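# Structural characterization, general
What follows is each chain in one-letter form.
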Amino acid sequence: MSTNIKKIGVLTSGGDAPGMNAAIRAVARTCAYHHIECVGIYRGYQGLIEGDFEDLSARSVRNIINRGGTFLKSARSQEFKTKEGRAKAHAQLVKNQIDALVLIGGDGTFTGGMLFNEEYNFPVLGIPGTIDNDIDGTMYTLGYDTALNTVVDAIDRIRDTASSHDRLFFIEVMGRDCGHIALNAGLGAGAEEILIPEANRGLEQLLESLERSRKTGKSSSIVVVAEGDKTGKSVFQLAEYVEENLPNYDIRVSVLGHMQRGGAPTCFDRVLASRMGVKAVESLMEGKSNYMVGMIKDEIVITPIIDAIKGKSSVDSELMRVCEIMST
């Protein structure tokens, strides 16, 4: 491996996700293993511009693998979107003799890192940290598995009250323009209907399905709605429409919101973060730059960042077929 890299900086940017702390830990300890200095950068790109740095040793990242969120904090920086802001960031890196960056975040984080690399030829490596699982080049992003389990647990609890009161619940989950959380959590929790952006079912088809369920004896139902789904203008308007057309249903709406981002990461996310952190540091040592670490068929690989952010993560069509069968 190359010995040109003497000091690596690591930051988290964009929305937080369970597993980010585990990834920071992996980066710091891989650096220590290879006798490279590691610097934690607080508040993402804004902290990079302001020089908000802290040296990270193998011991300074102890007891964080089980913590949700990111102890380095996260922020969206408008200043970094300007040439002047990126110039300040580069000056801070030169001043502190940092040779490369590990960026933990989503497509916005990677877009900023790619632009920074183009302008200054500065080595960057990305680790995908977002519960949405909406980045190409990896089967799983950090935080996705934890969010799934959080959502399934919440739906299980809501189903208890739905059954007790013979109610129809519309449950909105995160995912932006991607239906991975809704599809997998809905299937895992036994939802009667799942609405995702990738499969626009339409209002009439939804009504027909719910009415068919009622006639077959279902007095309570769970409908999982991805926040990016366009079946209705909002989950509340969707519920109102169904209530107007199917008055026999007693309808409630539950928006899970940011609770999906919190909590201790699952074992899967902790192991994934550890593997990705090692790969990120060692890829930089090999002279790789402008790549993102990912997992494809249980193998840790790297993909050009441009491909990761321009590609579109797609839902499994077979999984959608299974959902349709299970909702019978």
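These numbers were taken from a predicted model, which means no experiment stands behind them.

### Focus on the overall build of the protein chain
- Tallying secondary structure elements over the protein chain gives eleven helices and eleven strands in all.
- By the compact-globule yardstick of 20 Å for 328 residues, the protein chain fits well, its C-alpha radius of gyration being 22 Å.
- In terms of its C-alpha atoms, the protein chain occupies a principal-axis envelope of roughly 70 × 35 × 30 Å.
- Taking contacts inside the protein chain between residues at least 6 apart in sequence as the whole, the part at least 24 apart equals 76%.
- Of the roughly 14,500 Å² that the protein chain leaves accessible, carbon and sulfur atoms contribute 48%.
- A distance of 5 Å separates the average location of the 36 positive side-chain charges in the protein chain from that of its 43 negative side-chain charges.

### Re helix H5 (residues 144-165)
- Spanning 22 residues, H5 covers 32 Å between terminal C-alpha atoms, matching the ideal 32 Å at 1.5 Å per step.
- Against strand E6 (167-173), helix H6 (180-188), strand E8 (221-226), strand E9 (250-255) and helix H9 (267-285) lie the buried residues of H5.
- Phi turns positive one or two residues past the end of H5, at Asp166, with a value near 50 degrees.

### Things to note about the packing of H6 against helix H11 (residues 317-326)
- H11 packs onto H6 with a crossing angle of 40 degrees between their chain directions and a minimal axis gap of 10 Å. Our classification of the angle between H6 and H11 gives oblique. Here the hand of the crossing between H6 and H11 comes out left-handed. Contact with H6, carried on its side by Leu183, Asn184 and Leu187, involves Leu319, Met320, Val322, Cys323 and Met326 of H11 and no other residues of that element.
- Its residues placed into classes, the contact of H6 with H11 shows seven nonpolar, one polar and no charged.

### Digging into the nonpolar core
- By size, the foremost hydrophobic cluster in this structure holds 63 residues, and its most contacted members are Ile8, Val10, Val102 and Ile222.
- Of all the elements, H5 adds the most residues to this core, at eight residues.
- The residues contacting Val102, other than those within four sequence positions of it, are Ile8, Gly9, Val10, Leu11, Val27, Leu125, Ile127, Ala280 and Leu284.
- Counting 22 residues, the second-largest nonpolar core is a separate cluster that includes Val39, Ile49, Ala89 and Ile135.

### Some details on the packing of H5 against H6
- In contact at an axis separation of 9 Å, H5 and H6 are set at 50 degrees when each is read in the N-to-C sense. In terms of orientation, H5 lies oblique with respect to H6. Regarding H5 and H6, the two cross each other, and that crossing is right-handed. Facing Tyr144, Ala147, Leu148, Val151, Val152 and Ile155 of H5, the residues of H6 in contact are His180, Ile181, Asn184 and Ala185.
- When grouped by side-chain class, the residues that make up the contact of H5 with H6 number eight nonpolar, two polar and no charged.

What counts as what
- Residues numbered from 1 in each chain as written.
- Predicted model: local features only at pLDDT ≥ 70, side-chain atom pairs only at ≥ 80, totals over all residues.
- Heavy atoms only, no water.
- Helix = DSSP H or I, 4+ residues; strand = E, 2+ residues; numbered from the N terminus.
- Rg over C-alpha atoms; globule rule 2.2 N^0.38 Å.
- Contact = heavy atoms within 4.5 Å.
- Areas by Shrake-Rupley, 256 points an atom, 1.4 Å probe, with all protein chains shown as cover.
- Lys, Arg positive; Asp, Glu negative; His and termini not counted.
- Charge placed at Lys NZ, Arg CZ, Asp CG, Glu CD.
- Expected span 1.5 Å × (residues − 1).
- Axes fitted to C-alpha atoms, helices over the stretch in contact; angles between N-to-C directions.
- Parallel < 35°, antiparallel > 145°, perpendicular 65-115°, else oblique.
- Left-handed = near helix turned anticlockwise from the far one by under 90°.
- Nonpolar A, V, L, I, M, F, W, Y, C, P; charged D, E, K, R; others polar.
- Core = buried A, V, L, I, M, F, W, Y, C linked by side-chain atoms within 4.5 Å.
- Buried < 20%, exposed > 50% of the residue type's maximum accessible area, 1.4 Å probe, protein only.

In short, shape yes, function no, at least from these values alone.
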